Amino acid sequence: MATIHLKQTTTSTPEQFVAGLTDFGPGRQKLFGNSADGYLKVHDQGPHQADVTEGSSGVWERLHYDWSDPTHVEMTTTDSNIWGGHSGHTYTLARKPDGTTDVDVVVVREGKNLRGRLLGLMLGIFGKRVLGKELGKTVKAIEARNNGAS
């Protein structure tokens, strides 16, 4: 099982970041490189929760999103072709006095088959660098969206 801790600072407010994180409309892949629009399916969505399947490059997972706490988003894997067990993502957002927001992310990857265990092993080795780069792109895309850029 791989557990990857990531941290970024953004000019977006926690509310703006959560709005981007929970926007399941077309173009999601512009915000999240590992969420191709062709994989996206919203099964259920309410004011503070959603049940969504997403993925890319042959890897998909069904996630239960819970953002009932506006500074803490839990994404629990409920089904996947390779992830199981305690897999998921947790985003914790902290507003700073200078107007920026710290984004703390914990990604847990527990493979449920050989492919998942191998990918989990690779993420344990390279995950911080690879997923950190993706988080950086997401932060920039959400900031651009909030600043009116297309």
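Notes on the structure in this doc start here. Quantities reported herein were computed from a predicted structural model and do not represent experimental measurements.

**Overview of the pairing of strand S2 (residues 41–45)**
Here S2 pairs with strand S3 (residues 49–56) via 4 bridges, running antiparallel. Each bridged residue has a counterpart across the sheet, and for Gln 45 the counterpart in S3 is Ala 50. Hairpin connection of S2 to S3: 3 residues between the antiparallel strands.

**Remarks on the nonpolar core**
Core analysis: the largest hydrophobic core is formed by 30 residues, its most contacted members being Tyr 65, Val 73 and Tyr 91. Among the secondary structure elements, those contributing two or more residues to this core are strand S1 (2–10), helix H1 (14–21), S3, strand S4 (59–69), strand S5 (72–80), strand S6 (88–95), strand S7 (101–109) and helix H3 (114–146). If one sorts the elements of this core by residue count, H3 sits on top with 6 residues. Excluding residues within four positions of it along the chain, Val 73 makes contact with Val 18, Leu 21, Tyr 65, Asp 66, Trp 67, His 89, Thr 90 and Tyr 91.

**As for the packing of aromatic side chains**
Summed over all chains, the structure comprises 3 aromatic pairs. Taken together, a centroid distance of 4.8 Å and an interplanar angle of 80 degrees make the contact between Phe 24 and Tyr 65 edge-to-face. On the criterion of sequence distance, the pair formed by Phe 24 in the loop between H1 and helix H2 (28–31) and Tyr 65 in strand S4 is long-range, its members being 41 residues apart. The buried category is assigned to Tyr 65, whose relative accessible area is 0%. Judged by centre distance (6.4 Å) and plane angle (50 degrees), the ring pair of Phe 24 and Trp 67 falls under tilted. Of this pair, Phe 24 sits in the loop between H1 and H2 while Trp 67 sits in strand S4; the two residues are 43 residues apart in sequence, bridging distant segments of the chain. As far as burial versus exposure is concerned, Phe 24 and Trp 67 are alike and both buried. One aromatic cluster in this structure is built from Phe 24, Tyr 65 and Trp 67.

What counts as what
- For every chain, the first residue of its written sequence is number 1, and the numbers climb from 1 along that sequence.
- Restriction of local features to residues with pLDDT of at least 70 applies here, the model being predicted, together with a cutoff of 80 or more for giving and counting side-chain atom pairs; totals for whole chains, interfaces and linings are based on all residues.
- Neither water nor hydrogens contribute to the side-chain values; these are computed over all heavy atoms in the structure.
- Pairing between two strands is assigned when DSSP locates at least 2 bridges connecting them.
- Put simply, DSSP marks the helices as runs of H or I at least four residues long and the strands as runs of E at least two long, and each gets a number from the N terminus on.
- By nonpolar core is meant a set of buried Ala, Val, Leu, Ile, Met, Phe, Trp, Tyr and Cys residues that side-chain atoms within 4.5 Å join together.
- Relative accessible area decides the class of each residue, using a 1.4 Å probe on protein chains only: under 20% of the type maximum gives buried, over 50% gives exposed, and in between gives partly exposed.
- We call two residues contacting when some pair of their heavy atoms lies within 4.5 Å.
- In summary, the pairing rule links any two rings of Phe, Tyr or Trp, Trp by its six-membered ring, whose centres are within 6.5 Å, and it sorts them by plane angle into stacked for under 30 degrees, edge-to-face for over 60 and tilted for everything else.

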